[in-house]
Structures are given as C-alpha cells and as structure tokens.
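Spelled out, the chains give:
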Amino acid sequence: EAQVTQNPRYLITVTGKKLTVTCSQNMNHEYMSWYRQDPGLGLRQIYYSMNVEVTDKGDVPEGYKVSRKEKRNFPLILESPSPNQTSLYFCASSLRSGGVEQYFGPGTRLTVT
Amino acid sequence: DAKTTQPPSMDCAEGRAANLPCNHSTISGNEYVYWYRQIHSQGPQYIIHGLKNNETNEMASLIITEDRKSSTLILPHATLRDTAVYYCIVRVVIWGGNQFYFGTGTSLTVIP
C-alpha cells in the first residue's frame, strides 16, 4: 500500500533533549516536506527536499534540521526542543515538486515541557 | 504576509453545492493553486489543483478567475462526510525550490 509513515505518532519530551521524528515513503517520490500545524495558524512548511541531498528552508525553519540521504526517508531533527515547538507535525511527499498531489502522513503530536 | 485568504467558516445544506472562495491576489503566473481538506487532525487530503484553466475531477470543481487573483472550490452535492477544514494553497517557486503556503482554512459544516 502506497503510504507515508511517521514515527512516533505521539511524543512527550523535555526542553533541550534532542529528538528525531522519522518520515518514510514507499512511492519513490522525489519531493518531501515537513509541516507544523498550530491552532489558528493552519499548516506552515518547515523544510522541504527536492531530491536526495537537496534540502531547503520553508517558512518556519528555525530550531529544526533535516537530512535526505535516501530517497524514501526524510527525518526531522530537533537538536534542542523548546516548548514553542509543541505542535502537530506532518510529513508529506509527492512525485515531483509541482503540478501533482502531496500525500500526507498521519501526523506526530509533539509536546515539549 | 498571507499568500491566501479564506473565510474562517461556512455552512452548507446536505445535497446542495458548497462554494468555497479563496483570494490569492499576489499569485504569480507560474504558481499553482491547490485545495486540500483535513478531517479532525488527520493528514490533509488532496482534492484538486489548477494553474489557469478551470478543473474538474470526481471530488470537486475548481474555478479560477481570469486574472487568477481568486478561485472557488465547488463540491457539487455536499454530504455530511464533507464536513472538514478546507485549505487553499499556493505553490511558490523560490530560487528553483518549491514552497507551499497553506492558508488558515475554511471550516465547512454540512448540515442535515
């Protein structure tokens, strides 16, 4: 089944403790992206990747890192999480960057205390 | 600087057409308009996209004005399962990369 998977789905952590949220897709998609969703603000793009080893900042990249060493994986790294990064995070992928639909993962709900 | 603006909420009677508007007055010539919807806190689901021409698929129709500064998503026969938040999105090409700007969405409630 074609899908985007994220792990973990729920995470509660403390300020400053490094964490990684994994994202994987099995559709051989070139474009992958991370979004965060906060009440009243809709979804905002954090980082995106046009292909392997090609990543770029989205609208709200501060406090996050990403890597794209393999086509299927696009992990989101929080080196030193802070409470303002408490949010619902979505990973998405698409065959290419434009003119096609993005497939979204189920979301990761992160709480930083 | 919002790329898209949408009304925060709308109601629609079951079986009637739902018309959801979106303004994207700063859109450039090569920027697509996409529509997604989100039910509760699930991952957004693709509905339709377009560049200049009107588009139709099995889910909805997308009407884009000639000047491309606004568009309307039409759900022809709304059902209760269409109750969701609908996002109008612009894809912006920046230095060869592609960023997607979601608005804050319209919460559509379909009323029996």
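Look up a bit, the structure's there.
This is a predicted model, so every value here is computed, not measured.

Lay out the overall build of chain B with the relevant residues and their values.
A count of helical and extended segments in chain B gives zero helices and ten strands. Listed by position from the N terminus, the elements making up chain B come as β-β-β-β-β-β-β-β-β-β. For chain B, whose C-alpha radius of gyration is 14 Å, the value lies close to the compact-globule estimate of 13 Å for 112 residues. Each principal axis of the C-alpha distribution contributes one length, and for chain B these read about 45 × 30 × 25 Å. Residues classed as buried in chain B amount to 46% of the 112 residues present. Of the contacts formed within chain B by residues at least 6 apart in sequence, a portion of 54% connects residues at least 24 apart. Put simply, chain B shows about 5,600 Å² of open surface, and 50% of that area lies on carbon and sulfur atoms.

Could you give me a rundown of the interface of chain A and chain B, with the residues and numbers involved?
In this assembly, 25 residues from chain A lie in contact with 22 residues from chain B. Regarding the contact of chain A and chain B, the summed buried area is about 1,700 Å², with carbon and sulfur atoms giving 52% of it. Where chain A touches chain B, the interface holds zero salt bridges. Seen at the junction of chain A and chain B, the total is four residue pairs in polar contact (both at pLDDT 80 or more). Every element with two or more residues in the side of chain A that touches chain B is listed here: β4 (31-38), β5 (42-51) and β9 (87-94) of chain A.

Give me the lowdown on the state of the cysteines, citing residues and values where you can.
Evaluation of the coordinates by the stated rule reveals two disulfides over all chains. Note that A:Cys23 is cross-linked by a disulfide to A:Cys91, the S-S spacing being 1.8 Å. On the sign convention where negative means left-handed, the S-S torsion of about -70° between A:Cys23 and A:Cys91 marks this disulfide as left-handed. Placement of the pair is A:Cys23 in strand β3 (residues 19-25) and A:Cys91 in strand β9, with a sequence separation of 68 residues. The same class applies to A:Cys23 and to A:Cys91, which are both buried. Unpaired in this structure, B:Cys12 has its nearest cysteine sulfur neighbour in B:Cys22, at a distance of 18 Å. When its relative accessible area of 8% is taken as the criterion, B:Cys12 is described as buried.

I'd like to hear about the pattern of salt bridges, residue by residue, with values.
Residue and element names in this part refer to chain A. Summed over all chains, the structure comprises five salt bridges over all chains. Here Arg36 ties to Asp38 by a salt bridge, and the two come within 2.9 Å at their closest N and O atoms. Of the residues examined, Arg36 reaches a relative accessible area of 8% and is grouped as buried. Here Asp38 falls in the buried class, since its relative accessible area comes to 10%. Across the salt bridge formed by Asp38 and Arg44, the nearest N and O atoms sit 2.8 Å from each other. In this structure Arg44 comes out as partly exposed when scored by relative accessible area, which is 23%.

Describe in detail unusual backbone geometry, supporting the description with residues and values.
Residues and elements named next belong to chain A. Cis geometry is found at the peptide bond from Asn7 to Pro8, where omega equals -5°. Residue position: Pro8 is located in the loop between β1 (4-7) and β2 (10-13). One non-glycine residue, Glu53, lies in the positive phi region at around 65°. Secondary-structure assignment places Glu53 in the loop between β5 and β6 (54-57).

Got a sec to walk through the pairing of β1(A)? Specific residues and values, please.
All names here are of chain A. Only one face of β1 is covered, namely the one carrying Val4 and Gln6; the face carrying Thr5 and Asn7 has none of its residues buried. Alignment of β1 against β3, held across four bridges, turns out to be antiparallel. When the sheet's bridge partners are listed, Thr5 is paired in β3 with Ser24.

About the cut-offs
- Residues numbered from 1 in each chain as written.
- Chains lettered and ligands numbered in written order.
- Predicted model: local features only at pLDDT ≥ 70, side-chain atom pairs only at ≥ 80, totals over all residues.
- Heavy atoms only, no water.
- Helix = DSSP H or I, 4+ residues; strand = E, 2+ residues; numbered from the N terminus.
- Rg over C-alpha atoms; globule rule 2.2 N^0.38 Å.
- Buried < 20%, exposed > 50% of the residue type's maximum accessible area, 1.4 Å probe, protein only.
- Contact = heavy atoms within 4.5 Å.
- Areas by Shrake-Rupley, 256 points an atom, 1.4 Å probe, with all protein chains shown as cover.
- Buried area = accessible area lost by both parts, 1.4 Å probe.
- Salt bridge = Lys/Arg side-chain N within 4 Å of Asp/Glu carboxyl O.
- Polar contact = N/O pair within 3.5 Å; in protein donor to acceptor, adjacent residues only side chain to side chain.
- Disulfide = S-S within 2.5 Å.
- Pairing = 2+ DSSP bridges.

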